[in-house]
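Residues per chain are reported as follows:
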Amino acid sequence: MKNLDLGELRGQLDEIDGQLVRLFEQRMKICADVAEYKIETGKAVYDGERERQKLEAVGAMAHGDFNSQAVQELFSQLMTVSRKRQYQLLARHGKGIDTGFQVIEAIQTSGARVAYQGVEGSYGHGAALQFFGREASLYHVTAMEDVMAEVEEGRADYGVLPIENSSAGAVSDNYDLLVKHNNYIVAETQLAVRHALLGLPEARLEDVELVYSHPQALMQCSQYLNSHPQWRQISLENTAAAALKVTRDGDCRQAAVASEIAGRLYGLKVLAPGINHNKNNTTRFIVLSREAVYRKDASKVSICFEGLHRSGSLYNMLGNFIFNNVNMLMIESRPIEGRSWEYRFFVDVEGSLGDAAVQNALKGISEEAVSMRILGNY
Ligand SMILES: C=C(O[C@@H]1C=C(C(=O)O)C=C[C@H]1O)C(=O)O
């Protein structure tokens, strides 16, 4: 073994790092001048072609594959930091991002016209009631997309749609609807999905022979239901329809698996509460408006973007959050229609559109992505 001295080696590293920091600062100073030039000329901060050439050039200067790639990674980060600084300087000159959103005090719930999908007593109804209360005028439509159209075309002030379930994951189709329609997310509400076994007011648990519900609900309660092998389980189009059937048929042998809200609405009695086996089954619903507004206490921003179909593109986009200290809460990807194996990303971050850091990150993504949309701040 060579006679190595760790202290001495570290001394050499310190020397080199000192030089690196000095060079870094010189580089950043020049980048600030570049920003000034861009402010005067209106040129975009991000120049993808220049960055590609730069990465190629520095990669070629290094020796060996490992170093060549590592130097490219290092410069990729350096340039992201350089852009971050430039976006900050632009924002200072009033050239930040114009989100087009307006701040509001609160969401007007009383008297609001609110569309939800499903029938009365469905979980969509439950979520709408939970958020808007009884002072709003709630009505239901058949399909998820109808909710979007009601809001977009002004028949409803707000729409309520499920977006994510704690056990089943994202409601993918509704992500696609967010892109297809020009509505904004202005709030969210989490509803605990709690199924009950419902029967006629005069029915007893011992009377039950037939159990109706949506197949998903039957599955979520399978442990309880299967412990009564004598019961026949029958699928219907939704849980509320099952409750309605039991009420209409007036037969004590029939029971429905649905929410307690549905039970109250259709005059049914709870024969067994909370029969789903996953007790933390929660669905997150979003509240949509056609106005681009956000509450002044909003703390989550949702965006979607399409990156370039190239390796490292997502990494570069997300770098805008990382280097601006913006905390990412969620990421989902969905295939882009008509373009196989290309994806659109949906990202939630912590913060408000009024925050400089969020504005900086969004400015960066809007310049660097093929397209970006702010879906809401709530
Ligand atoms: C500094 C510039 O701005 C950005 C940052 C770059 C860098 O740090 O080298 C390169 C290209 C631009 O995306 C520039 O335009 O030269």
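Residues numbered from 1 in each chain as written. Predicted model: local features only at pLDDT ≥ 70, side-chain atom pairs only at ≥ 80, totals over all residues.

(A) Quick look at the pairing of strand β8 (residues 210-213). Pairing analysis gives four bridges linking β8 to strand β9 (residues 232-235), with the strands arranged parallel. Counterpart to Y212 in the pairing with β9 is I234. Both β8 and strand β10 (residues 254-258) contribute to a ladder of three bridges, which runs parallel. Across the sheet, the residue bridging to Y212 is A256, located in β10. (Pairing = 2+ DSSP bridges. Helix = DSSP H or I, 4+ residues; strand = E, 2+ residues; numbered from the N terminus.)

(B) Structural view of the domain arrangement of the chain. The assigned domain composition of the chain is domain 1 (1-96), domain 2 (102-193 + 281-295), domain 3 (199-259) and domain 4 (298-378). Distance between the C-alpha centres of domain 2 and domain 4: 22 Å. Across the contact, 14 residues belong to domain 2 and 14 residues belong to domain 4. Of all the secondary-structure elements, those providing two or more residues to the side of domain 2 that touches domain 4 are α6 (172-180), β6 (184-192) and β13 (293-295). (Domains from an automatic or database assignment. Contact = placed C-beta atoms within 7 Å.)

(C) Quick look at the site of the ligand. Neighbouring residues of the ligand: C31, V34, V45, Y46, D47, R50, E51, K54, M79, S82, R83 and Q86. Every element with two or more residues in the shell around the ligand is listed here: α1 (6-41), α2 (48-61) and α3 (64-92). Broken down by element, the shell around the ligand gets its largest block of residues, four residues, from α3. Classifying every residue of the shell around the ligand gives five nonpolar, two polar and five charged. (Near = placed C-beta within 6 Å. Nonpolar A, V, L, I, M, F, W, Y, C, P; charged D, E, K, R; others polar.)

(D) Representation of the UniProt feature "domain: Prephenate dehydratase" (unreviewed entry) in the chain in the model. Using the residue numbers shown here, the UniProt feature "domain: Prephenate dehydratase" (unreviewed entry) corresponds to residues 113-290. For residues 113-290, helix accounts for 31% and strand for 33%, while the C-alpha atoms at its two ends are 13 Å apart. (UniProt positions renumbered as here; feature names shortened; annotations may be inferred.)

(E) Quick look at helix α12 (residues 356-368). The end-to-end C-alpha distance of α12 is 18 Å, a good match for the 18 Å that 13 residues give at a rise of 1.5 Å each. Within α12, burial applies to V358, Q359, N360, A361, L362, K363, G364, I365 and E368. Buried residues along α12 sit in contact with α3, β14 (300-306), α11 (313-322), β16 (339-350) and β17 (371-377). (Expected span 1.5 Å × (residues − 1). Buried ≥ 20, exposed ≤ 12 C-beta atoms within 10 Å, placed from the backbone.)

(F) Expanded view of the nonpolar core. Ranked by internal contacts, the top residues of the largest apolar core, which has 54 residues, are V114, V160, V287, L288 and I303. Mapped onto the domain boundaries, this core takes at least three residues apiece from domain 2 (102-193 + 281-295) and domain 4 (298-378). If we ignore the near neighbours within four places in the chain, the residues touching V114 are A128, F132, A136, S137, L138, A156, D157, Y158 and V160. Ranked by size, the runner-up nonpolar core spans 27 residues in total, among them A196, L200, L244 and Y266. (Core = buried A, V, L, I, M, F, W, Y, C linked by C-beta atoms within 7 Å.)

(G) Quick peek at the sheet that holds β10. Judged by pairing direction, the sheet is mixed, and its five strands sit side by side in the order β9-β8-β10-β7-β11 without closing on themselves. Two strands bound the open sheet, and with one partner strand each, they are β9 and β11 (269-272). Ignoring strand direction, the axes of neighbouring strands in this sheet form an average angle of 35°. Inspection of the sheet shows strand β7 (residues 196-199) paired to β11 by three bridges, in the antiparallel sense. Among the inter-strand pairings, L198 is bridged to a residue of β11, identified as V270. (Axes fitted to C-alpha atoms, helices over the stretch in contact; angles between N-to-C directions.)

(H) Examining the packing of helix α5 (residues 144-152) against α6 more closely. Between α5 and α6, the least distance of the axes is 10 Å, while the angle of their chain directions is 25°. By the angle between their directions, the pair α5 and α6 is classed as roughly parallel. Classified by chirality, the crossing of α6 by α5 is right-handed. Residues M144, E145 and M148 of α5 lie in contact with α6, whose contacting residues are D173, N174 and L177. (Parallel < 35°, antiparallel > 145°, perpendicular 65-115°, else oblique. Left-handed = near helix turned anticlockwise from the far one by under 90°.)

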